[in-house]
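# Structural characterization, general
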Amino acid sequence: MANKEKDEDILEQISNQEYEFGFSTDIEMDILPAGLNEDVIRFISQKKNEPEWLLEWRLKGLHTFERQAMPDWQNFEMPAINFQDISYYAAPKNKKKLGSMDEVDPELLATFAKLGIPLNEQKILAGVEELEGEKPQVAVDAVFDSVSVATTFKAELAKLGIIFCSISEAVQEHPELVRKYLGTVVPYSDNKFASLNTAAFSDGSFVYIPKGVRCPMELSTYFRINTENTGQFERTLIVADEGAYVSYLEGCTAPKRDENQLHAAIVELIAMDNAEIKYSTVQNWFPGDKDGKGGIYNFVTKRGACRGKNSKISWTQVETGSAITWKYPSVILQGDNSVGEFYSVAVTKNKQIADTGTKIYHLGKNTRSRIISKGISAGFGQNSYRGLVQVGSKADNARNFTQCDSLLIGDLCGAHTFPYIESKNNTATIEHEATTSKIGEDQIFYLNQRGIDTEQAVALIVNGYAREVLNQLPMEFAVEAQKLLSLTLEGSVG
Amino acid sequence: MSQQVVENSNSLSLKDSLIKEFELTYSKNQGNEPEALLQKREAALGAFQCAGIPTIKNEEWRFTNLVPFLKDSYQMQPSGMPGSDVIEKAIVRATVKGLDAYRLVLVNGQIDFSFSQLPDYQEGWLIRPVSEVKGTEAFAAALNSTLPIEKYPFAAINTACFSDGFYMELNNDFQLDKPLQIIHVYSDQENLFLQPRNIIKVRRGALAEVLESSVLMSDKLLFVNGVTEIQVQENAHFKHAHFQVGEAQERWIMHTQVEQLRDSRYDNYTLTLPHADLVRNNLNVILDGPSTETHLYGLYMVENKHVVDNHSLVDHRHPNCMSNQLYKGVILDGGKGVFNGKIYVHRPAQKTNAFQQNNNLLFTPNGTINSKPQLEIYADDVKCSHGSTVGQFDEEALFYLRSRGIGADTAHSLMITAFAFDVTSKIENEALRNHIEQLIEKTIAQAQAVI
């Protein structure tokens, strides 16, 4: 079978495919020596000029972290992570205001260019003052290693009363808001990685949308791990007050390195009455090479609380990177009539592992949730969906629909489903369905017949398969995500 | 914190009495049993001691808290045998109307041939007490051959302590002409903790249908920790139905371990109706050869703070196997139902078709259902799916019936019967099917009387 040979060629090609964002940038950094203890936490807190309560909270997180055991329920062997080998603080040194683009550290600019950030935004991110002319579309907060380097369109957003800044700035400028909401969705003792983040988080984004305001543009964060032996522990807090709306995007990249790097982030979303938050992620951390060497350990806690009536939180994620992805964006549906959504595409190839899914807690009356999860495994990749739908005894008329499909490409990968369904209310209606299959030979044949080669056919089928989720992404991201998917799985033949 | 201490001391007491029971029976067994069996028993005790009685921290026991069931003290051996009038009454209670079947009676886990009705012909099949066959090397070698006891503490302690049960063997190409009904009669003046071990071997090309049911003839507590090992060899077909209809003082932890060889077929029907206090079924089907067929049907109706927990594993190890699982649950007043179904497809098991469905109906506001359908797949050329739903009565269907002059109770009853029909209609034997349908109707009527 000549065809088979070709298939093998193509498969080889994918497995050898280079990671597009695998560059590293040599910028002078402030790096704390590796290790984690009270002094490190005090140093970070002091460096950021934090109030006493925040330091105390960090220390609580640290002490809980030291007590907690590593999670052991996931469907893969937890790697041994030496938390003392990681540096918990790294920041670019160059922070003074600049007059024009020429003065900007060229390395930093090159990094932004490679990340695909438009020039105008590059200017702002690099710290060049003033920006005129073009109408803004996306406001960006770039987090470089542990520190937020710059935030764009702040002034414009401030006119509407929207606060969009790094969380360290928010601590200085809006301490009352931060104190009121920080840690109320993900408590410091939630899990080992959440405690670690609580103790050591160095920066992240803070968004507050005041009552009745609809955020006119997409807010976005770029995360990048750059320095060797550092971990990234950012913390995002988004609060949508009554009747507010915001759509938030998150993108991640990291350079290629032989060691595994740790990323343990926390995202907290809070939606009040009639508010809506849409949170989209395109996660493309360095996945390790084809032998599974290197790559990011992505252990993330994301949770949203629909506190108010008629509120809505929607998670959309496209997961193509990381050596290990361990994340379960959750929604707590407290308010009556609130809605939670979770849309996910997770791709694993080579030796990548993804154990991801969602948790939805129905507590209020007439709450609804919808879960669409699409897993794609190729090579030696292992893909698990893990989900919980819980209906409390007071959640009358709760409604859930869950669909999780898995696509297998090659006979050495795996797809797994672990849904938990727990209902204590007889008026709840919960549906769960899952399927696992490979790309049908008849589908490939159909497309071949019409002159589409196998490589394109697979891309077409995978994109069609993931469409339901990709459609949920904001336009700018949808295109990128689609490209990323095609690129990741180029030519895989089932 | 104080509660946890109490929990520990309680489970310790049962654990200790089980270990004591092991020490007692072990000295008795020495000399009667081959070394290989004694070694297996010791290893099993080690596994049990290591794991202890599972708590809700154990993922497999997350939804079923055993603590309330461990408070009582039990005798590990029956104090005596019930009179023949008691056994006769029990048989009448277990009889299925219109079912033409052979009968095997076990009293407190031991075969009583005098009340059994077995075929006249001697050739082709064998039924013996386990106490009689366990002395052979072959028995010891085959014991727990597919059952990893370190994962199942109750099967482990059963292995360590069992003394009796039934051993059934069907020869090559033997076909049992009538179904066999196995009636387990339990009766004692004291609280009883029994650990029967049953073994069924269906040899190449044989065909048999077995129905198991049990009757408790005393007002004392009964805790059964049973293990049944079944091997269905090449081209054989084994139909296995289990009726679990009990009294409120009954607690059951039943482990059924099935091994299927090439081209074999195994059908299981597990029908759990009230009122047993605790029912935990572990049903593991290991597909140890290609091109097998497996059908697992379950129906559970739970009421009044009782717990019914169905755990199953279908282990696809070879190509071209088909498995189909359908479990339906009706949660009546205050009951708790658990379903945990796992399908595991190993890398060589290409061309696997594995389907699983679990539907639940919550009849009253205070019931609980926990459902966890689970797929683990390591082969790519497979078709696997699972579905799980939790819901209540369809208001429109109810309205349709009510608007045609059908009372609320009758309408509910009709709808539950229809809900259960997907499972009951799969029972081929007509007498059995009628019997279970009547039991379902009776259960609904009782539940409605309570409400």
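Residues numbered from 1 in each chain as written. Chains lettered and ligands numbered in written order. Predicted model: local features only at pLDDT ≥ 70, side-chain atom pairs only at ≥ 80, totals over all residues.

### Details of the overall build of chain B
Tallying secondary structure elements over chain B gives nine helices and 20 strands in all. With respect to the principal axes defined by its C-alpha atoms, chain B has extents near 75 × 55 × 50 Å. Expressed as a percentage of its 451 residues, the buried residues of chain B come to 50%. Long-range contacts, defined here as pairs at least 24 residues apart, represent 85% of the contacts in chain B between residues at least 6 apart. (Helix = DSSP H or I, 4+ residues; strand = E, 2+ residues; numbered from the N terminus. Buried ≥ 20, exposed ≤ 12 C-beta atoms within 10 Å, placed from the backbone. Contact = placed C-beta atoms within 7 Å.)

### Observations regarding the overall build of chain A
When helices and strands are tallied, chain A shows twelve helices and 23 strands. Of all 494 residues assigned to chain A, the portion counted as buried reaches 56%. In chain A, the proportion of contacts linking residues at least 24 apart, taken out of those at least 6 apart, comes to 83%.

### Here we look at the interface of chain A and chain B
At the junction of the two partners, chain A supplies 32 residues and chain B supplies 32 residues. Of all the elements in the fold, those that place two or more residues in the side of chain A that touches chain B are β21 (399-409), β22 (414-423) and β23 (429-438) of chain A. In terms of residue class, the side of chain A that touches chain B is built from twelve nonpolar, 14 polar and six charged. Here seven bridges tie β23 of chain A to strand β20 (residues 382-391) of chain B, and the two strands are oriented antiparallel to one another. Looking across to β20 of chain B, one finds that Glu431 of chain A is bridged to Thr389 of chain B. (Nonpolar A, V, L, I, M, F, W, Y, C, P; charged D, E, K, R; others polar. Pairing = 2+ DSSP bridges.)

### Digging into the UniProt feature "domain: SUF system FeS cluster assembly SufBD N-terminal" (unreviewed entry) in chain B
On the UniProt side, "domain: SUF system FeS cluster assembly SufBD N-terminal" (unreviewed entry) is annotated at positions that read residues 28-182 of chain B here. With 32% helix and 14% strand, residues 28-182 of chain B has end C-alpha atoms that lie 28 Å from one another. (UniProt positions renumbered as here; feature names shortened; annotations may be inferred.)

### A short note on the environment of Lys89 of chain B
Position of Lys89 of chain B among the secondary structure elements: in helix α3 (residues 84-94). Taking the C-alpha atoms as reference points, Lys89 of chain B and Ala43 of chain B, separated by 46 residues in sequence, lie 41 Å from one another.

### Observations regarding the UniProt feature "domain: SUF system FeS cluster assembly SufBD core" (unreviewed entry) in chain B
UniProt feature "domain: SUF system FeS cluster assembly SufBD core" (unreviewed entry): in the numbering of this structure it lies at residues 188-419 of chain B. Secondary structure within residues 188-419 of chain B divides into 9% helix and 60% strand; the distance between the first and last C-alpha atoms comes to 38 Å.

### Considering the nonpolar core
Residue and element names in this part refer to chain A. Membership of the largest hydrophobic core comes to 236 residues, with the highest contact counts inside it found for Val207, Ala240 and Val246. For this core, the element with the highest residue contribution is helix α11 (residues 454-470), accounting for eight residues. Per-domain counts for this core show at least three residues from each of domain 1 (2-327) and domain 2 (440-494). (Core = buried A, V, L, I, M, F, W, Y, C linked by C-beta atoms within 7 Å. Domains from an automatic or database assignment.)

### Looking at the pairing of β23 of chain A
All names here are of chain A. Side chains Ile430, His432, Ala434, Thr436 and Lys438 of β23 all project onto a buried face; the interleaved residues Thr429, Glu431, Glu433, Thr435 and Ser437 project onto a face where none is buried. Sheet topology note: the β21/β23 ladder contains ten bridges and is parallel. What sits directly across from Cys404, in β23, is Ala434.

### With respect to helix α2 (residues 35-51) of chain B
At 3.6 residues per turn, the α-helix brings residues three or four places apart onto the same side. All names here are of chain B. Taking 1.5 Å of rise per residue, the 17 residues of α2 would be expected to cover 24 Å, and the 24 Å separating its terminal C-alpha atoms lies within 8% of that figure. Among the residues of α2, Leu37, Arg41, Ala44, Leu45, Ala47 and Phe48 are the ones counted as buried. Buried residues of α2, seen end-on, are gathered within an arc of 160 degrees and therefore sit on one face of the element. Turned more than 90 degrees from where α2 packs its buried face, Glu35, Gln39 and Cys50 sit exposed. (Expected span 1.5 Å × (residues − 1). Arc of directions from axis to C-beta.)

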